[in-house]
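The lines below spell out each chain.
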Amino acid sequence: MTKLLTIEQLNIGADILKNGGLVAFPTETVYGLGANALDENAVKKIFEAKGRPADNPLIVHISDYEILNELVTEIPEKAKLLMEKFWPGPLTIILNKTDKVPDIVSGGLNTVAVRMPKNPVALELIKTSKVPVAAPSANTSGKPSPTKAQYVVDDMYGKIDAIIDGGNCEVGLESTVLDMSGTTPKLLRPGGVTFEQLTEVLGEISKKFECNDNEKPASPGMKYKHYSPDAKVVVVKNDFENYINKCCEKYENVAVICYGDIKINKKCKLKKVVNSSLEYANVLFSAMRDFDKQHPDIILAQDVDDTGINLAIKNRLYRCCGYNFYEKSN
Ligand code: AMP
Ligand code: MG
């Protein structure tokens with residue numbers, strides 16, 4: 001049985017974590033599926049519940065710097081600057097790990113990914129449990145990450161010990177992942193802290209999140225299909241209104257996510273209209289999950305540029321559609 005907990009019952013969740021169980025909890029990015037990061041058996045259960053490949057490492061969530069010193073061998077000056085500026089917040093930093101971090105957490109790598117979340121429920125849960133909490137997104141592997149407790153229930157009910165309902169997640173996309181373990185910082189996943197914000201602090205950063213079959217991915221998670229609803233998704237790069245009309249002739253049930261200035265064919269009943277990049281980021285995964293429940297024939301999503309949070313939206317969109325695009329050539 002999975003216990004459904006309110007934020008007032010957070011102590012129960014903390015006890016479960018302490019005793020080697022699995023607890024899903026809200027963070028400002030998406031819901032996480034947590035276990036005591038120092039307990040190998042507990043962490044193993046995360047992989048089982050999610051159906052996550054064993055070589056895809058987990059992010060360890062912390063509430064204070066004392067725990068951090070037990071997890072990493074050293075904190076480079078530049079990483080300290082990042083922590084001062086962006087922690088607590090949606091930035092995951094990869095550093096060289098100590099032997100205390102079990103291999104199952106790091107997928108056998110010498111490094112560990114750490115983050116101090118901003119969501120007060122997440123922070124309080126970690127603090128109360130008194131353990132570092134390994135937590136990937138609380139979805140079945142491959143599905144869109146959950147941004148509300150109900151989506152965690154949809155994927156995880158019966159498979160984990162408890163779910164803490166903390167309402168909607170603020171950002172709606174997973175954290176930025178930045179590798180600070182080598183000489184140059186590498187951006188492995190764009191997220192809530194933007195590339196521009198990071199370069200302002202660090203200067204040059206290499207981007208390593210595009211992945212093709214010939215290249216060894218810098219982050220193991222990049223090689224897997226991700227964020228995908230059951231329905232076919234097409235990311236539309238231009239000529240959107242005409243393409244919607246065409247799809248509405250061809251299909252019965254077309255779903256659309258786009259900005260408010262797009263005129264959507266009246267036959268389209270499933271639509272999510274956004275008015276800013278932050279809103280697009282915030283509703284992208286929930287729209288995909290809500291659409292899926294109505295079994296659309298196709299989901300059309302409007303493409304975005306590379307600036308600010310758009311880079312993260314684009315990254316999730318492209319993987320969500322499996323690099324399936326529509327673009328009218330001139
Ligand atoms: P999730 O927990 O589902 O948000 O996924 C965590 C992401 O961080 C995945 O893409 C992992 O591959 C990546 N990650 C975690 N630890 C490391 C690490 N030590 N080195 C490189 N990537 C990592
Ligand atoms: Mg995930």
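Residues numbered from 1 in each chain as written. Chains lettered and ligands numbered in written order. Predicted model: local features only at pLDDT ≥ 70, side-chain atom pairs only at ≥ 80, totals over all residues. Heavy atoms only, no water.

The subject of this paragraph is the overall build of the protein chain. When its secondary structure is counted, the protein chain shows 11 helices and 16 strands. The C-alpha radius of gyration computed for the protein chain amounts to 20 Å, which stays within 12% of the reference 20 Å derived for 330 residues, consistent with globular compactness. Referenced to the eigenvectors of the C-alpha coordinate spread, the extents of the protein chain come out at roughly 60 × 50 × 35 Å. The 330 residues of the protein chain split such that 56% are buried. Put simply, of all contacts in the protein chain between residues at least 6 apart along the chain, 66% involve residues at least 24 apart. As presented, the protein chain carries roughly 14,600 Å² of accessible surface, and 47% of it is formed by carbon and sulfur atoms. (Helix = DSSP H or I, 4+ residues; strand = E, 2+ residues; numbered from the N terminus. Rg over C-alpha atoms; globule rule 2.2 N^0.38 Å. Buried < 20%, exposed > 50% of the residue type's maximum accessible area, 1.4 Å probe, protein only. Contact = heavy atoms within 4.5 Å. Areas by Shrake-Rupley, 256 points an atom, 1.4 Å probe, with all protein chains shown as cover.)

A word on the packing of aromatic side chains. One pass over the structure, following the stated rule, counts 6 aromatic pairs. Aromatic pair Tyr-259 and Tyr-280: ring centres 5.8 Å apart, planes at 75 degrees, arrangement edge-to-face. Remark: Tyr-280 occurs in helix 10 (residues 277-293) and Tyr-259 occurs in strand 13 (residues 254-259); sequence separation between them is 21 residues. On the basis of relative accessibility, which here comes to 19%, the residue Tyr-259 falls in the buried class. Classification of Tyr-280 by relative accessible area gives buried; the value is 0%. These aromatic residues form a ring-pair network of at least three members: Tyr-318, Tyr-323 and Phe-325. When the ring centre of Phe-195 is taken as origin, the NZ or CZ atom of Lys-207, which lies over that ring, is 4.4 Å away. (Phe/Tyr/Trp six-rings, centres within 6.5 Å; stacked < 30°, edge-to-face > 60°. Lys NZ or Arg CZ within 6 Å of the ring centre and 35° of its normal.)

A surface patch of nonpolar side chains, amounting to about 400 Å² of accessible area, comprises Met-1, Leu-4 and Tyr-157. As for its position among the elements, Tyr-157 is in the loop between helix 7 (149-156) and strand 8 (162-165). On the basis of relative accessibility, which here comes to 40%, the residue Tyr-157 falls in the partly exposed class. (Patch = residues over 30% accessible without salt bridge, like charges linked within 9 Å, V, L, I, M, F, W, Y side chains within 5 Å. Salt bridge = Lys/Arg side-chain N within 4 Å of Asp/Glu carboxyl O.)

To continue, consider the sheet that holds strand 12 (residues 232-236). With parallel pairing, 5 strands are arranged side by side in an open sheet as 14-13-15-12-16. Both edges of this open sheet fall to strand 14 (270-274) and strand 16 (325-326), since each of them pairs with a single strand only. Inspection of the sheet shows strand 13 paired to strand 15 (residues 298-302) by 4 bridges, in the parallel sense. When the sheet's bridge partners are listed, Ile-257 is paired in strand 15 with Ala-301. Where helix 11 (residues 310-320) meets the sheet, its contacts fall on strand 12, strand 15 and strand 16, and the angle it forms with strand 12 comes to roughly 135 degrees. (Pairing = 2+ DSSP bridges. Axes fitted to C-alpha atoms, helices over the stretch in contact; angles between N-to-C directions.)

Both faces of the sheet carry side chains from a regular strand, because those side chains alternate between them. With respect to burial, strand 13 is a largely interior element, 6 of its 6 residues being buried. Of the strand pairs in this sheet, strand 13 and strand 14 are connected by 5 bridges, and their pairing is parallel. Pairing of Ala-255 across the sheet is with Leu-270, part of strand 14.

Turning our eyes to something else, we now look at the packing of helix 1 (residues 10-18) against helix 6 (residues 120-129). Packing of helix 1 against helix 6 brings their axes to within 8 Å, and their N-to-C directions diverge by 50 degrees. When the axis of helix 1 is compared with that of helix 6, the two are oblique. Considering only the axes of helix 1 and helix 6, their crossing is right-handed. Across from Leu-10, Asn-11, Gly-13, Ala-14, Leu-17 and Lys-18 in helix 1, the residues of helix 6 making contact are Val-121, Glu-124, Leu-125, Thr-128 and Ser-129. Split by residue class, the contact of helix 1 with helix 6 holds 5 nonpolar, 4 polar and 2 charged. (Parallel < 35°, antiparallel > 145°, perpendicular 65-115°, else oblique. Left-handed = near helix turned anticlockwise from the far one by under 90°. Nonpolar A, V, L, I, M, F, W, Y, C, P; charged D, E, K, R; others polar.)

A cluster of basic residues, Lys-263, Lys-266, Lys-267, Lys-269 and Lys-271, forms a positive patch on the protein surface. Looking at the element boundaries, Lys-267 is found in the loop between strand 13 and strand 14. (Lys, Arg positive; Asp, Glu negative; His and termini not counted. Charge placed at Lys NZ, Arg CZ, Asp CG, Glu CD.)

In this chain, Trp-87 is followed by Pro-88 through a cis amide linkage whose omega measures -10 degrees. Mapping Pro-88 onto the fold places it in the loop between helix 4 (77-86) and strand 5 (91-96). The phi dihedral of Lys-130 is positive, around 60 degrees, even though this residue is not glycine. Position of Lys-130 relative to the elements: it lies in the loop between helix 6 and strand 7 (133-134). Classification of Lys-130 by relative accessible area gives exposed; the value is 68%. We note that Tyr-323 has phi near 60 degrees; this positive angle belongs to a residue other than glycine. Tracing the sequence through the fold places Tyr-323 in the loop between helix 11 and strand 16. Its relative accessible area of 42% is what places Tyr-323 among the partly exposed residues.

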